[in-house]
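Architecture at a glance
Here is how the chains run, residue by residue.
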Amino acid sequence: MGVLDNLEPKRVFYYFEEISKIPHGSGNTDAMSDFVVNFAKEKKLKHRRDEKGNVLIVKDASAGYEASDTVMLQGHMDMVCEKNSDAVFDFKKDPLKLCVMDDCIFARGTTLGGDDAIAVAYMLALLEDDELEAPRLECVFTVDEEIGMGGAKAFDVSDIRAKTLINLDHEDEGLFLTSCAGGLRAQLTVPVRFKEKAGEKYTIVVCGLKGGHSGTEIHKYLANANILIGRLMHYLGTRVKYSVISLGGGMQDNAIPREASMDVLVQEEDISNFEDIIDEFQDIIRNEYRSLEKNIQIYCNDKGLTACQALTQKTQERVIFLLNTMPDGVQKMSPDIHDLVQTSLNLGIIRLDSKQFKATSALRSSVKSEIDALSDKLRYLTETIGGTYEEHGEYPAWEYNPDSRVQKLVKETYDRLFDEEGTLTGVHAGLECGIFARKLPGIDIVAFGPDVLHIHSPKERMSVPSTERVYRLLRELLKVLK
């Protein structure tokens, strides 16, 4: 028996569990595309797959809906691959270890990938349902959404007939999205030099942070491990003589980093109080985040005397300067929509190798001029210390349409089905809706999904009751779109 066999709706959870067996991290979705294509072949549904791995499956209108406008359903097949440091797990070959507790599904030690495997499961369940009352459906399964939306950008829409798009990439039931931010990935590279040095080697670790989605959770002002370790580097430099051997933190640019670490060499005269200084810094950070982060740990392990390659003082100061001056987190709140972030960035990944230090950030804004200004700031900052700056993966914002029919219909349907008040709102996260809005001018769009907590982190949880309610909502919405 499967772990999810007893959950309703059965076919949705059946497909979710089947998906969890298939490695589908961003950039590694060929097997997932194969799975979706084989489904279409078995069900004898019209379909196509492009060179990127995107898949389109078409289901004809049910009886009485032949004259209705086609509806496009859309979600992405890739997931963010994050795991706990002690988890023995290979995202390229291992199936996720699903568990159910307190009406929630999670994966042991890793991200669950509810963002956005639940969209894939919803669409497959609808496509095979012979009793579904709905217009003609065009179900679009995209790849690489989490690393720049390359799948949606490459998807050919020339045969798409849909007038309405329902995007299934949201994680808060009852909130119906009407707009989203645009964004890009920024990479800052600074050349470094090493030289042979000797001293007491310490490994320093920053961990225990909550982490989370750099769009939907950036407004919580959670701690960023990469920023903290940069601050620690400066703090140490004002108190002891030390040199950096290695440095790294974060796994995804669009996930708030939970962990960072570095190896350092400390001069003999500073060994006696080095651990006390680390403890002092931990106390400072714990005090700053006392209401937000309950489990912050900053500690060091003594590895003994050694001689090895470490950063020269000059290049080490460049790295410290960059980590302590580059912006991070919320930059501006929306003046028009209450509690909505307008512009932000997340320093998601830092890496030091033998030739260079790299820092990768995810920039987001619903106002293009602000993201351009923020990008310029990072460029000037990097080039000032002799580094280089590159942009990748730009994607457009999805602008609010006050005349949307589907947005009003989904709220009315939700209110009627559950006797609860749904909310129409924007989101600071980036969605593929912006790309499809640009490619299909005039298409009417809404985005929604079930409750999925702590996405992009190993604490990710998906609500079973919410998954069932949203599936009911989706079926009813298709019915009233006649």
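Our structure is the block above this text.
So, a few notes on the structure that sits alongside this text. (Residues numbered from 1 in each chain as written. Predicted model: local features only at pLDDT ≥ 70, side-chain atom pairs only at ≥ 80, totals over all residues. Heavy atoms only, no water.)

One finds I57, L73, I105, F141, I166, F448 and L478 to be the most contacted residues of the largest nonpolar core, which totals 66 residues. Setting aside residues no more than four positions away along its own chain, I105 makes contact with L4, L7, F13, L98, C99, V100, L112, E460, R461, M462 and V464. Listed in part, the 54 residues of the second largest apolar core include L184, V192, I278 and I320. (Core = buried A, V, L, I, M, F, W, Y, C linked by side-chain atoms within 4.5 Å. Buried < 20%, exposed > 50% of the residue type's maximum accessible area, 1.4 Å probe, protein only. Contact = heavy atoms within 4.5 Å.)

Mapped onto the secondary structure, D115 falls in helix α3 (residues 114-127). In this structure D115 comes out as buried when scored by relative accessible area, which is 4%. Separated by 35 residues in the primary sequence, D115 and V80 have C-alpha atoms spaced 8.1 Å apart. Not counting residues up to four positions away in its chain, the partners in contact with D115 are H76, D78, M79, E146, D169, E171, H213, I455, H456 and E460. (Helix = DSSP H or I, 4+ residues; strand = E, 2+ residues; numbered from the N terminus.)

Attention now goes to the sheet that holds strand β22 (residues 461-463). The strand order across the open sheet formed by 4 strands is β4-β5-β22-β21, and the pairing between neighbours is antiparallel. The sheet terminates laterally at β4 (98-101) and β21 (452-453), the two strands that pair on one side only. Pairing of β21 with β22, which is carried by 2 bridges, proceeds in the antiparallel orientation. Residue pairing across strands places L453 opposite R461, the latter belonging to β22. Sheet strands in contact with helix α11 (residues 464-480) are β5 (104-107) and β22, and its direction is about 55° off that of β22. (Pairing = 2+ DSSP bridges. Axes fitted to C-alpha atoms, helices over the stretch in contact; angles between N-to-C directions.)

For strand β19 (residues 423-430), the buried fraction is high: 6 of the 8 residues fall into the buried class. Of the strand pairs in this sheet, strand β8 (residues 175-191) and β19 are connected by 6 bridges, and their pairing is parallel. Bridging from a neighbouring strand, L177 pairs with T425 of β19.

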